[in-house]
Amino acid sequence: KQWYQRRVRGTITKVIQIVIYLVPLSLGYLITRTGLLSRDIILPWLRYSLVQLGPSWVKLGQWAATRADLFQPDMCRELSLLHSYVYTHPWSATERALIRSF
């Protein structure tokens, strides 16, 4: 039961984090469509948000950067920075997580 409660709490925390980053980003995108806000502001914000949301989101951004057939060129250029300029994760943190899990 305690494991389940921690899992639910972790899931709720992650959903809140996603909402905190992506809802304002979505609103910002809608504002760019009106011309009141530049894409030059929104695109770095998108990249930053993906980094803050974690490795799965970074991978999604890296994938999107390679899909010029689906996304606009300026977005692909910005997201291509995720290929080279992302914070590295220390091995010691990975090792601790593996030991805890197994």
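Residues numbered from 1 in each chain as written. Predicted model: local features only at pLDDT ≥ 70, side-chain atom pairs only at ≥ 80, totals over all residues. Heavy atoms only, no water.

Along the backbone of the chain there are five helices and zero strands. Ordered by position from the N terminus, the helices and strands of the chain form the series α-α-α-α-α. For 102 residues, the compact-globule estimate of 2.2 N^0.38 gives 13 Å, and the chain exceeds it by more than 25% at 17 Å. Referenced to the eigenvectors of the C-alpha coordinate spread, the extents of the chain come out at roughly 50 × 30 × 20 Å. Charge centroids of the chain, computed over 13 positive and 5 negative side chains, lie 15 Å from each other. (Helix = DSSP H or I, 4+ residues; strand = E, 2+ residues; numbered from the N terminus. Rg over C-alpha atoms; globule rule 2.2 N^0.38 Å. Lys, Arg positive; Asp, Glu negative; His and termini not counted. Charge placed at Lys NZ, Arg CZ, Asp CG, Glu CD.)

A complete count under the given rule lists three salt bridges for this structure. The residue Arg-47 makes a salt bridge to Glu-78 at a minimum N-O spacing of 2.5 Å. A residue pair is termed long-range when its members are at least 10 positions apart, and Arg-47 in helix H2 (residues 39–53) and Glu-78 in helix H4 (residues 73–80) qualify at 31 residues. Assessed through its relative accessible area of 22%, Arg-47 is described here as partly exposed. (Salt bridge = Lys/Arg side-chain N within 4 Å of Asp/Glu carboxyl O. Buried < 20%, exposed > 50% of the residue type's maximum accessible area, 1.4 Å probe, protein only.)

Let us now look at the environment of Ser-80. Mapped onto the elements, Ser-80 comes out in helix H4. Under the relative-accessibility criterion, Ser-80 is labelled partly exposed at 30%. A polar side-chain atom of Ser-80 sits 2.6 Å from the main-chain carbonyl oxygen of Arg-77. (Polar contact = N/O pair within 3.5 Å; in protein donor to acceptor, adjacent residues only side chain to side chain.)

Moving on: the nonpolar core. The biggest cluster of nonpolar side chains holds eleven residues, and these are Leu-25, Ile-42, Leu-43, Leu-46, Leu-50, Val-58, Ala-64, Ala-65, Met-75, Leu-79 and Leu-82. Sorting the residues of this core by element identifies H2, helix H3 (55–65) and H4 as the ones contributing at least two each. Sorting elements by how many residues they give to this core places H2 first, with four residues. Once residues within four sequence positions are removed from consideration, Leu-82 is found in contact with Arg-47, Leu-50, Val-51, Val-58, Gly-61 and Gln-62. (Core = buried A, V, L, I, M, F, W, Y, C linked by side-chain atoms within 4.5 Å. Contact = heavy atoms within 4.5 Å.)

Turning next to the side chain of Gln-62. Position of Gln-62 among the secondary structure elements: in helix H3. Polar contacts involving the side chain of Gln-62 include one to the main-chain carbonyl oxygen of Leu-82, which spans 2.9 Å. If near-sequence neighbours (up to four positions away) are discounted, Gln-62 is found in contact with Leu-82 and His-83.

Taking 1.5 Å of rise per residue, 33 residues should cover 48 Å, and helix H1 (residues 2–34) covers 49 Å from first to last C-alpha, within 8% of that figure. Of the residues making up H1, those classed as buried are Tyr-21, Leu-25, Gly-28 and Thr-32. At the C-terminal side of H1, Gly-35 shows a positive phi close to 90°. (Expected span 1.5 Å × (residues − 1).)

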